[in-house]
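Spelled out from the first residue to the last, the chains are:
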Amino acid sequence: MSTPSHSTAQNDTAPEAFIRVAIPTPLRRLFDYLPSASYPVEAIKPGCRVTVPFGSRELVGIVMSIEANSDIPSNKLKPIISILDNQPLLPKDIIQLCQWAARYYHHSVGETLSQALPKNLRIGKPASMGSIPFWFASSELDAETANLLQRSKKQLAAFELISNAPNGLNGTELLESGFSRAILQSLSKKGLIESRDIEPSSLPFTEQNSPLKSAHLIMNDEQHYACEAITDGLGSFNTYLLEGVTGSGKTEVYLQTISAALAKGLQTLVLIPEIGLTPQTVKRFRDRFNVPVACLHSGLSDGERLQGWLEASRCSAGILISTRSGIFTPMPNLGLIIVDEEHDSSYKQQESLRYNARDLAIYRGSQANCPVVLGSATPSLETLHNARQGKYTQLHLKQRAGNAKPPAMELLDMRHQLVQDGLSTELLQRIGVHLARGNQVMIFLNRRGYAPSMICQDCGSIIDCHHCDAHMTIHRFPPHLHCHHCDLQQPIPWQCPSCQSRKLQPVGQGTEKAEQTLNQHFPSYPVIRIDRDTTRKKQALGEMLEKINTGKPCILLGTQMLAKGHHFPDVTLVAIVNADAGLFSSDFRGSEKTGQLIMQVAGRAGRGQKPGQVIIQTYNPEHPSLQLLSMNDYGRFADSLFVERRHLNLPPEGYLTLVRSESMNQGESETLLSALRQYAEHNKGQLTDTRLLGPIPAPMEKRQGRYRWHLLIHGKDRKDLHRVVEGMVSFLESHRLPRQLKWTVDIDPQEMS
Ligand code: ADP
Ligand code: ZN
Ligand code: ZN
């Protein structure tokens, strides 16, 4: 243990205590500091934040322990600068979880702990909620006010909601119910509502009155069985795979299991994929329960996130709904963990600590001695593998809930079709039929922008990004070229950069172009385009979803943002424009991901009373994967992938680690990885059943101006693999590197990009 600090003379008496601190630096070790006159050791507890001098900077660290000895002479140690918390902010279990994650992912404990905190705490702000504005009704809901608001249904609805909340409602709660700040301002101007700053409730959720706000649905037999199995398991650790086809009512199973947990005074952590965490999702939970539901996701302000974190960690919230980082939130009464859409790739963090929240959820469940429920219609191969080996308890929901029937799937052979901008005549005709019947149609095209590339008709060259091995995407609104990999944007050129010809043509289809084509074909129906470009503004998505929920006939067009979680009961036709795109990907997970996406998109059809139909446009209708998927048979599709993986010796057959290196200078990345490989070969004694693959260039070698290379390590045995990787990481850490050269280690990589 050491510190980089220069020696500072302390008083002569040798200190009896050393404060061991985890600091957010890439260095994989802890650092010792001294107490000070104003901060004696008695005031310092493990789990508290302290500020400390580190080199020339002042950093926020977490106290790990108080030690009687240090390896560093005390005259070389510096005192801490301040203590930020009177009481430990991070409890023992979270520190232990972070230590485990740091070891498993070969990452620094300090950085791991730091990123476990919401930003405000990470930068040293106080761990208190402070007061936030709550809205209260300042007038009666009588005939007069109703009259005043008769022109604005929205304002009236907001006023009604607020009038019925004696404890007031805050801006976030109102936004989640669909009422924007502007609506509140108008009501306030009319003198109907007023805002007061108050501290949000910190009563423990168990002391709040009846937990249920609205009655549970009556579950079908499968739901009932699944719910009972998990409920019986409360109080002990076990992992359940809840494999339920789309629309089978997994959420109802979650809600009723949570209800059982709440009745025992237990908190539930619900993890949800990034894209799936819409206000609608949270609303579904809040509508069911009276106990406070905290949430944490990227759409919230830093203050709101701190509030969610504190509510969960102080037990005032009975439920926490969160994207992946929520896995690190303290929950003293944690009794149930749910990971919805467990196959979703957003559970894996792709930078810094490259953790998978689903995998950490299982560790956390074993810590808390509670059930972990992994829910999905299309489980990942890793999870299916674990379930089939008997490590997880399998629960099935094979029927759609209520009266909904499974959608009819159909492969549309594009080889014999007239095609306009990627849409076949047959498809256009069918869209027309569904719309004319008063239904909604959903078109899935996983490419935003107008067209994915621009080609010169004279010399054949394609306009590429200067910084990446990638084509520039054309956007029309506003017109520009955009690289989706490095965000470079430039005007659309008049002339071909290679031959000066003026004959530049967009090729392929993006959502902007499809929107244009659909508008031309169906001028009397609105086309609602949902992709990253149309949903940039905070409330845009909510407004579009609202429009869809009116149930009026319309065309929803979008990228994978449309695929997940949404429940649109009036959609009767779902079309997948370009199903072939992902099937021939260079990534070994390509077909798994494509299959999952197709099943998820297809699952949006026919979720209400009306039957659903799915049309998959393809030039490869004989492709075995498409055949199985079109039979609605994810299980057999997964079986075929297992065979392939076993054949190629890829996960879930064994385990993978990917070492990436990148540099602005060509050659450097490869050289480093070659040296690393040599080192590993040299220590072959340890290698046992471990194989090295590479160095090879990344599928997109140049990205954002950096040349990127990979070295892949495959191991039959996880422990052996980790031992080898540990040696390699130590080698890399001890290597003096050119300034531009960076490396990262990715355990259980999800993407090979
Ligand atoms: P999943 O998440 O499995 O795709 P959801 O939980 O969204 O499915 O449920 C789909 C629809 O079925 C929702 O509208 C839900 O309210 C409804 N539903 C769920 N369970 C039942 C039930 N037992 N009876 C009637 N409707 C149900
Ligand atoms: Zn040209
Ligand atoms: Zn680029």
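How each quantity is defined
- For every chain, the first residue of the written sequence is number 1, and numbering continues from 1 along that sequence.
- Written order decides the labels, with chains lettered from A and ligands numbered from 1.
- Where totals are concerned, whole chains, interfaces and linings use all residues; where local detail is concerned, this predicted model gives features only for residues with pLDDT of at least 70, and gives and counts side-chain atom pairs only at 80 or more.
- Heavy atoms throughout the structure, all of them, feed into the side-chain values; hydrogens and water do not.
- In this description, a donor is an N, O or S atom within 2.8 Å of the metal centre, a cutoff extended to 3.2 Å for sodium, potassium and calcium. Water is not part of the atom list, which can make sites seem incomplete.
- For four-coordinate sites, all angles between 85 and 135 degrees define a tetrahedron; for four- and six-coordinate sites, opposite donors beyond 155 degrees with the remaining angles between 65 and 115 define square planar and octahedral shapes respectively, and all other cases count as irregular.
- Using a 1.4 Å probe on the protein chains alone, a residue whose accessible area is under 20% of its type maximum counts as buried, one over 50% counts as exposed, and one in between counts as partly exposed.
- The helix and strand labels rest on DSSP assignments: H or I over at least four residues marks a helix, E over at least two residues marks a strand, and numbering proceeds from the N terminus.
- These domain boundaries are the output of an automatic or database domain assignment.
- By definition in these notes, contact holds between two residues if any of their heavy atoms fall within 4.5 Å.
- Each of two parts loses accessible area, computed with a 1.4 Å probe, when they are put together; buried area is these two losses added.
- Only one rule defines a salt bridge in this text: a Lys or Arg side-chain nitrogen within 4 Å of an Asp or Glu carboxyl oxygen.
- In the analysis that follows, any N or O atom pair within 3.5 Å is treated as a polar contact, provided that within protein one partner can donate a hydrogen and the other can accept it, and provided that, for residues neighboring in sequence, both atoms belong to side chains.
- Ten residue types, Ala, Val, Leu, Ile, Met, Phe, Trp, Tyr, Cys and Pro, are classed as nonpolar, four, Asp, Glu, Lys and Arg, as charged, and the remainder, Gly among them, as polar.
- Any two strands are treated as partners once DSSP identifies two or more bridges connecting them.

Before going further, it helps to examine the coordination of the zinc ion (ligand 3). Donor atoms from the polypeptide that coordinate the zinc ion (ligand 3) comprise C465 (SG), C468 (SG), C483 (SG) and C486 (SG), at 2.3 Å from the metal. Metal-centred angles of 102 to 113° between the four donor atoms at the zinc ion (ligand 3) mark the site as tetrahedral. Ordering the donors of the zinc ion (ligand 3) by residue number gives the pattern C-x2-C-x14-C-x2-C. The pair C483 / C486 is uniform in exposure class, with both members buried.

Here Q609 lies in the loop between α17 (590-602) and β28 (613-618). A relative accessible area of 66% places Q609 in the exposed class.

Its domain assignment divides the protein into domain 1 (3-122), domain 2 (132-198), domain 3 (215-279 + 293-397), domain 4 (408-450 + 509-644) and domain 5 (655-747). When each unit is reduced to the centre of its C-alpha atoms, the spacing between domain 3 and domain 4 is 28 Å. Counting residues at the interface gives 19 residues for domain 3 and 20 residues for domain 4. Carbon and sulfur atoms make up 58% of the area that domain 3 and domain 4 hide from each other, which totals about 1,700 Å². Applying the counting criterion to the domain 3 and domain 4 interface returns two salt bridges. Note that R388 and D639 form a salt bridge whose closest N and O atoms lie 2.6 Å from each other. The interface formed by domain 3 and domain 4 contains seven residue pairs in polar contact (both at pLDDT 80 or more). For the side of domain 3 that touches domain 4, the element with the highest residue contribution is helix α13 (residues 381-388), accounting for five residues. Split into classes, the residues belonging to the side of domain 3 that touches domain 4 amount to five nonpolar, nine polar and five charged.

Opposite charge on two side chains permits them to pair, given that their charged atoms come into close proximity. Applying the stated criterion across every chain, the model contains 35 salt bridges. For E194, the salt bridge identified is with R196, shortest N-O distance 3.4 Å. With a shortest N-O distance of 2.9 Å, R358 and E342 are connected by a salt bridge. Residue R358 is located in helix α12 (residues 357-368), and its partner E342 is located in the loop between β13 (334-340) and α12; the two are separated by 16 residues in the primary sequence. Under the relative-accessibility criterion, R358 is labelled buried at 6%. Its relative accessible area of 0% is what places E342 among the buried residues. Overlapping salt bridges, with partners in common, bring together K348, R354, R660 and D746 in one network.

This paragraph deals with the pairing of strand β6 (residues 132-137). Summarising the sheet, β6 and strand β8 (residues 193-198) pair through six bridges and their orientation is antiparallel. Bridge pairing in β8 links W135 to S195. Pairing of β6 with strand β7 (residues 169-170) involves two bridges; the strand directions are antiparallel. Residue pairing in the sheet places F134 in a bridge with N170 of β7.

Before going further, it helps to examine the coordination of the zinc ion (ligand 2). In a perfect tetrahedron of four donors around a metal, the angles come out at 109.5 degrees. In a perfect octahedron of six, they are 90 or 180 degrees. The zinc ion (ligand 2) binds to the protein through C456 (SG), C459 (SG), C496 (SG) and C499 (SG), with metal-donor distances spanning 2.3 to 2.4 Å. Of note is the zinc ion (ligand 2), whose four donor atoms meet at the metal with angles of 105 to 113° in an arrangement that counts as tetrahedral. Within one chain, the residues donating to the zinc ion (ligand 2) are spaced in sequence as C-x2-C-x36-C-x2-C. Here the residue C456 occupies a position in strand β20 (residues 453-456), and C499 occupies one in the loop between β23 (489-490) and β24 (504-507), the gap between them amounting to 43 residues. Of the residues examined, C499 reaches a relative accessible area of 32% and is grouped as partly exposed.

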